[in-house]
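# Residue-level structural notes
Below are the chains, spelled out letter by letter.
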Amino acid sequence: MKKLFLTMCLVIVAHTAFAQTADNLIDQFKNEPKAEFVHIPRLMMAMGKITPKSGIYDKDDPTGNDIIKKISSMRMLDLGCCSPDTKQRFQSALGNLNTKGYEELVRVNDNGEKTRILTKMKGETICELLILNGGNDDCTIVEIKGKIRTSDLSKLINAQGNYNF
């Protein structure tokens, strides 16, 4: 009985040791050959929010502008041009991603292309949004941090029908 208990404890510890956060995942793969990594830190986001003439605002989209004002930083990693080995390792690492504290909004599996959207909430405010995409051709992770109210996000989604693409 003691051996069984000890074995179970070791399995749990080993599982949590291999689990990683989104930050660790990005840091692990951002220096891979042909990886495209973009980080817009808090200071750059603040500079872009200073005036409506700065170029990130759209006069026809006030709801989108409200959300942009509430984003503090963004990080994006795209491994679409990387080797199949790198993409496979990324897929495996996505499977070990620690999602404790996140709430899953969307999960899509379309012909091997898997997409998940996760949020970390504080009350009615989204403080972190993760968009994870993994497949044979495209491997992407987007991390958005800020203080976005769910009501603002609902307004943006409802306004999507008004756009002409």
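Above this note sits the structure.
Residues numbered from 1 in each chain as written. Predicted model: local features only at pLDDT ≥ 70, side-chain atom pairs only at ≥ 80, totals over all residues. Heavy atoms only, no water.

### Focus: unusual backbone geometry
For the record, the criterion: Runs of H or I in DSSP of at least four residues are treated as helices and runs of E of at least two as strands, each being numbered from the N terminus.
Phi is positive for K34, which is not a glycine, with a value near 70°. Along the polypeptide, K34 turns up in the loop between α2 (22–29) and β1 (36–40).

### What about the side chain of T140?
Spelled out, the test is: In the analysis that follows, any N or O atom pair within 3.5 Å is treated as a polar contact, provided that within protein one partner can donate a hydrogen and the other can accept it, and provided that, for residues neighboring in sequence, both atoms belong to side chains. In what follows, a contact means two residues having at least one pair of non-hydrogen atoms within 4.5 Å.
You can see T140 is positioned in strand β6 (residues 139–149). At 3.5 Å, the side chain of T140 and the side chain of D78 are in polar contact. Among the polar contacts made by the side chain of T140, one reaches the side chain of D138 at a distance of 3.1 Å. With residues near it in sequence (within four places) discarded, T140 still touches M76, L77, D78, F90, I131, L132 and N133.

### With respect to the nonpolar core
We apply this condition: In plain words, nonpolar cores are sets of buried Ala, Val, Leu, Ile, Met, Phe, Trp, Tyr and Cys residues tied together by side-chain atoms within 4.5 Å. Relative accessibility under 20% of the residue-type maximum defines a buried residue, over 50% an exposed one, and the middle range a partly exposed one, all with a 1.4 Å probe and only protein chains included.
Judged by nonpolar contacts, the single largest core of 18 residues is most densely connected at L25, F29, L77, L79, F90, L132 and I141. When contributions to this core are tallied by element, the ones reaching two or more residues are α2, α5 (84–95), β5 (125–134) and β6. Element by element, the count of residues in this core is highest for α2, at four residues. When residues no more than four places from it in sequence are discounted, the contact partners of F90 are L25, F29, L79, N133, C139, T140 and I141. One finds M45, I126, L129 and I148 within the second-largest nonpolar core, a separate group that totals eight residues.

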